[in-house]
Amino acid sequence: MTVVDHPLAGHLLADLRDAGTEPERYRTLAERLTSVLVLEATRSLPTVTETVQTPITATKVTRIGRHVVAVPILRAGLGMLSAATDLLPDIGVGYVGLERNEETLQPTEYYYKAPSLDDASVLLLDPMLATGGSAAFAAKLLRDRGATDLTLVCIIAAPEGIERLTQSDPNIRIVTACVDEGLNDVGYIVPGLGDFGDRLFGTF
Ligand SMILES: O=P(O)(O)OC[C@H]1O[C@H](OP(=O)(O)OP(=O)(O)O)[C@H](O)[C@@H]1O
Ligand SMILES: O=c1cc[nH]c(=O)[nH]1
Ligand SMILES: [Mg+2]
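Residues numbered from 1 in each chain as written. Chains lettered and ligands numbered in written order. Predicted model: local features only at pLDDT ≥ 70, side-chain atom pairs only at ≥ 80, totals over all residues. Heavy atoms only, no water.

### Side note on the site of ligand 2
Around ligand 2, the structure places Arg-100, Met-128, Ala-130, Gly-187, Tyr-188, Ile-189, Gly-194, Asp-195 and Phe-196. Ile-189 is positioned such that a nitrogen or oxygen atom in its backbone is 2.8 Å from an oxygen atom of ligand 2. Phe-196 is positioned such that a nitrogen or oxygen atom in its backbone is 2.8 Å from an oxygen atom of ligand 2. Assessed atom by atom at 2 Å from the grid points, ligand 2 resides in the largest pocket. A class-by-class count of the residues in the shell around ligand 2 yields five nonpolar, two polar and two charged. (Near = heavy atom within 4 Å. Polar contact = N/O pair within 3.5 Å; in protein donor to acceptor, adjacent residues only side chain to side chain. 1 Å grid on protein atoms, 1.4 Å probe; cavity = no way out; pocket = protein on both sides within 12 Å on 5 of 7 lines; lining within 4 Å. Sits in = over half its atoms within 2 Å of the grid points. Nonpolar A, V, L, I, M, F, W, Y, C, P; charged D, E, K, R; others polar.)

### Comments concerning the UniProt feature "domain: Phosphoribosyltransferase" (unreviewed entry) in the chain
Following the UniProt record, the feature "domain: Phosphoribosyltransferase" (unreviewed entry) maps to residues 3-203 here. Structurally, residues 3-203 comprises 34% helix and 32% strand, and the distance from its first C-alpha atom to its last is 29 Å. (UniProt positions renumbered as here; feature names shortened; annotations may be inferred. Helix = DSSP H or I, 4+ residues; strand = E, 2+ residues; numbered from the N terminus.)

### A look at the layout of surface pockets
Looking at the largest pocket, its volume works out to about 670 Å³. Lining the largest pocket we find 29 residues, and of these Glu-99, Arg-100, Ser-134, Tyr-188 and Asp-195 sit closest to its centre. For the lining of the largest pocket, the elements supplying multiple residues, two or more each, are strand 4 (68-74), strand 6 (95-100), strand 9 (128-129), helix 4 (133-144) and helix 6 (196-201). Broken down by class, the residue content of the lining of the largest pocket amounts to 15 nonpolar, seven polar and seven charged. (Points joined across faces, edges and corners; volume = space filled by probe spheres on them.)

### Observations concerning helix 1 (residues 7-17)
Given 3.6 residues per helical turn, the α-helix brings residues three or four places apart onto the same face. Within the sequence span of helix 1, burial applies to Ala-9, Leu-12, Leu-13 and Leu-16. For helix 1, the arc enclosing every buried residue in end-on projection is 100°, short of the 170-degree limit, so these residues lie on one face. What points out from helix 1, more than 90 degrees from its buried face, is the exposed set Pro-7 and His-11. Against helix 2 (23-41), strand 10 (149-157), strand 11 (173-179) and helix 6 lie the buried residues of helix 1. (Buried < 20%, exposed > 50% of the residue type's maximum accessible area, 1.4 Å probe, protein only. Arc of directions from axis to C-beta. Contact = heavy atoms within 4.5 Å.)

### Here's the deal with the packing of aromatic side chains
Taken as a whole and judged by the stated rule, the model has one aromatic pair. Where Tyr-26 meets Phe-196, the ring centres are 5.3 Å apart and the plane angle is 70°; that geometry is what we call edge-to-face. With Tyr-26 in helix 2 and Phe-196 in helix 6, this residue pair connects regions lying 170 residues apart in the sequence. Its relative accessible area of 0% is what places Tyr-26 among the buried residues. Taking relative accessible area as the criterion, Phe-196 reaches 2% and is therefore assigned buried. A cation over an aromatic ring shows up here: Arg-100 above the ring of Tyr-188, its NZ or CZ 5.4 Å from the ring centre. Here Arg-145 stacks its cationic end above the ring of Tyr-112, 4.3 Å away from the centre of that ring. (Phe/Tyr/Trp six-rings, centres within 6.5 Å; stacked < 30°, edge-to-face > 60°. Lys NZ or Arg CZ within 6 Å of the ring centre and 35° of its normal.)

Shown next, in the form of structure tokens:
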């Protein structure tokens, strides 16, 4: 697991945590912080070497050598998608729609659509890894559809979620901005930032 302890990540996360941050600014902050996380999540992508002609001379250059597919978990993961598509314009995009039942904390699937995952590096985007039920469900869905190289990019992870996800999918990589203390008795991350989806879309 990688915890991105860059000062900029901490700075952006501070405002995301702040209960006074309004949805408009929330969306901007989520996008910026995701850019930092995606840079880390793509650090080990394979590269290919080519030759280009600069105005001065020919030189060897490197380019990304594998197709990347981003899969946000609806709805909160949508707040992370534009950062991935901005950084990697050739990216494929899939969607997994999941909603956590507030009493049982079990995820229910309501949507799935994705391009081929064969030979792709798949970035699963979901800001909150709480019990880990949603991420584990989505990871299994993507594995069953051919994902071999799979990374969860999340903004905050709870230890309970990390444990659950890595138990169910030992080969998944996790890139996060912070590991928080744990969960409260209604399954929210403490100190966390509240309900990411509600804060992103103003559904209070
Ligand atoms: O680790 P877990 O305990 O499964 O909780 C995390 C999930 O909860 C939130 O989604 P939510 O179900 O609130 O849906 P939303 O994105 O539509 O708000 C969040 O975006 C994760 O998908
Ligand atoms: O703390 C939490 C847990 C699940 N989903 C959220 O949006 N926040
Ligand atoms: Mg929610």
